[in-house]
Amino acid sequence: MTALALASACNQVASTGAGDATAANARTVSSVDPSAAFDPLQARTLRQHLVSSLISRGDLQPGRVADAMRAVPRHAFVPEAPLDEAYADSPLPIGFGQTISQPAVVAIMTQALGLSGGERVLEIGTGSGYQAAILGVLAREVYSIELVPELARRSSKRLADLGYANVHVRSGDGYLGWPERAPFDCILVTAAPPAVPQTLLDQLEEAGVLVAPVGASPFEQELLRYRKAEGGFRVDDLGPVAFVPMVRTGADPRPTAEQPPHL
Ligand code: SAH
């Protein structure tokens, strides 16, 4: 079965590569589902299993976020990884010392935003672009900032190639936010600052929600959710997580927000 599939795939590459596609070949190729090339059945099956296991472990509830995680091809954001690793519940390296987050953490953070479809969302730490794509499925517009220019370039191209036209990526320092596009209904920070940057809280809409892993330890931080209400913030602690640090470039001279007293 595998050998046959491999052989026919090789044949197709050989005939296309030689530039001798016949009319019959051309018809065969054009009748193929264009999504099958980058999202083969095996990937879709592994993705269903991953989502089912996140649901059965209680990290994900059936609903919009689960549907988005079934729809977004995670393997396309980690092109170097074998399919089974792309659909394991673990973080993976994406180069430049950075990682794509563990699917369970993506599920928990995304659910914590409570998106219903009309929101404008800011993400800090585009990385591979996977989390941004999930947000793109669930919200109206997504703005995502990545410090490493090459990661920003790659994820921006990948998101465009995959058709996530409402996701906008720029290279820059997330401590500054994206003032030209502020205020945002939701802000998702996917690198860990020692405390939540005041600039990001300022760019949040009234009644908006910010979710961030917060803490100075490189090994463990607390996932905090801030809700803006009546000139202040309500803060929930959603539990421990482990993220790469949100790197300070010194571009933002403003202090980080004070840690809420009850935490
Ligand atoms: N959301 C990503 C994973 C984030 S990994 C995904 O779905 O793949 C954290 C990312 O934050 C890294 O790519 C890192 O380069 C970036 N980062 C770190 N400090 C930053 C800063 N100050 N501003 C913007 N991005 C930052």
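Rules of the game
Residues numbered from 1 in each chain as written. Predicted model: local features only at pLDDT ≥ 70, side-chain atom pairs only at ≥ 80, totals over all residues. Pairing = 2+ DSSP bridges. Helix = DSSP H or I, 4+ residues; strand = E, 2+ residues; numbered from the N terminus. Buried ≥ 20, exposed ≤ 12 C-beta atoms within 10 Å, placed from the backbone. Axes fitted to C-alpha atoms, helices over the stretch in contact; angles between N-to-C directions. Near = placed C-beta within 6 Å. Nonpolar A, V, L, I, M, F, W, Y, C, P; charged D, E, K, R; others polar.

Trainee: For this particular structure, what's the right way to read the pairing of strand β8 (residues 221-229)?
Mentor: Look at any regular strand and the pattern is simple: side chains alternate between the two faces of the sheet. Sheet topology note: the strand β7 (residues 204-214)/β8 ladder contains 6 bridges and is antiparallel. Note that in β8 the partner of V214 across the bridge is E222. Between β7 and the antiparallel strand that follows it, β8, lie 6 residues; G215 among them carries a positive phi value of about 155°. Judged from the 8 bridges that link them, β8 and strand β9 (residues 232-241) form a sheet pairing that is antiparallel. Counted as the bridge partner of K228 is F233 from β9. Counted between consecutive antiparallel strands, the loop separating β8 from β9 contains 2 residues, among which E230 sits at a positive phi close to 45°.

Trainee: Could you clarify how one ought to interpret the environment of S116 in this entry?
Mentor: Its place among the elements puts S116 in the loop between α7 (103-113) and β3 (120-124). A count of 10 C-beta atoms within 10 Å places S116 in the exposed class. Residues S116 and L138, 22 residues apart in the sequence, show an inter-C-alpha distance of 6.9 Å.

Trainee: Just to check I follow, could you spell out the sheet that holds strand β5 (residues 167-171) for this structure?
Mentor: Pairing between sheet strands relies on hydrogen bonds along the backbone, with the strands arranged either parallel or antiparallel. Across the sheet, which stays open at both edges, the 7 strands sit in the order β5-β4-β3-β6-β7-β8-β9 with mixed pairing between neighbours. Unpaired on one side and paired on the other, β5 and β9 mark the two borders of the sheet. Ignoring strand direction, the axes of neighbouring strands in this sheet form an average angle of 15°. Note that β3 and strand β6 (residues 184-189) share 4 bridges and pair parallel.

Trainee: Help me out: how do you make sense of the site of the ligand in this one?
Mentor: Among the 23 residues in the neighbourhood of the ligand, the closest are listed as G125, G127, S128, Q131 and G174. Elements represented by at least two residues in the shell around the ligand include exactly β2 (98-100), α8 (130-138) and β4 (141-146). Here the element with the most residues in the shell around the ligand is β2; it accounts for 3 residues. A class-by-class count of the residues in the shell around the ligand yields 12 nonpolar, 9 polar and 2 charged.

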